[in-house]
Amino acid sequence: MLKFGLIPEFVGRLPVAATLDELDEAALIQILVEPKNALIKQYQKMFRMETVELEIREPALRAIARKALARKTGARGLRSILEQVLLDIMYDLPSLSNLSRVVVDESTIANDGKPLLMFADPPKMAAAHS
């Protein structure tokens, strides 16, 4: 830049207009899973801190991306969609003994439902005495 006579302080002050293409479903899924600090990785790490595995299935990823596109929130809306589904279970994690896995599938996202909880040892039922 100095070679052409523009000093760096001046360059940052020039107004620049750029048009951006809207992200598609594949790009939103890529944002969810690929970066080093991807949202899915962040949530999985939080769950691992409570010794629980978080599984978000491929159809659920597509449903999250479709929901973000429908809301026209793009990549910024991905976190709020995930948070809406996982916030309650994250709050309850410390008090749920022997929970081993939380599974988010397409119906969880599409129907604003609760994730599937899988426990390591099913709770034992008291045997009826006769």
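So, here is what we can say about the structure in this document. (Residues numbered from 1 in each chain as written. Predicted model: local features only at pLDDT ≥ 70, side-chain atom pairs only at ≥ 80, totals over all residues. Heavy atoms only, no water.)

**A look at the packing of helix H2 (residues 25-33) against helix H4 (residues 58-71)**
Axis angle and axis distance: for two packed helices, these are the angle between their axes and the distance between the axes, and together they describe the pair. The N-to-C vectors of H2 and H4 enclose an angle of 120 degrees; their axes lie 9 Å apart at closest approach. The two elements H2 and H4 cross, and the hand of that crossing is right-handed. Residues Glu-25, Leu-28, Ile-29, Leu-32 and Val-33 of H2 form the contact with H4, whose participating residues are Glu-58, Leu-61, Arg-62, Ile-64, Ala-65, Arg-66, Ala-68 and Leu-69. (Axes fitted to C-alpha atoms, helices over the stretch in contact; angles between N-to-C directions. Helix = DSSP H or I, 4+ residues; strand = E, 2+ residues; numbered from the N terminus. Left-handed = near helix turned anticlockwise from the far one by under 90°. Contact = heavy atoms within 4.5 Å.)

**Looking at the pattern of salt bridges**
This model, assessed by the stated rule, comprises 8 salt bridges. For the salt bridge of Arg-57 with Glu-55, the shortest nitrogen-to-oxygen distance reads 3.1 Å. Given a relative accessible area of 34%, Arg-57 falls into the partly exposed group. Residue Arg-101 pairs with Glu-55 through a salt bridge whose shortest N-O separation is 3.0 Å. Placement of the pair is Arg-101 in strand S2 (residues 99-104) and Glu-55 in strand S1 (residues 53-56), with a sequence separation of 46 residues. When salt bridges that share partners are traced, they join Glu-53, Glu-55, Arg-57 and Arg-101 into one network. (Salt bridge = Lys/Arg side-chain N within 4 Å of Asp/Glu carboxyl O. Buried < 20%, exposed > 50% of the residue type's maximum accessible area, 1.4 Å probe, protein only.)

**A look at helix H5 (residues 76-92)**
Between its terminal C-alpha atoms H5 stretches 26 Å, which fits the 24 Å expected from 17 residues at 1.5 Å a residue. Within H5, the axis deviates most sharply at Leu-86, by approximately 50 degrees. Residues of H5 that are buried: Gly-77, Leu-78, Ile-81, Leu-82, Val-85, Leu-86 and Ile-89. (Expected span 1.5 Å × (residues − 1). Bend = angle between axes of the 7 residues up to and from the residue.)

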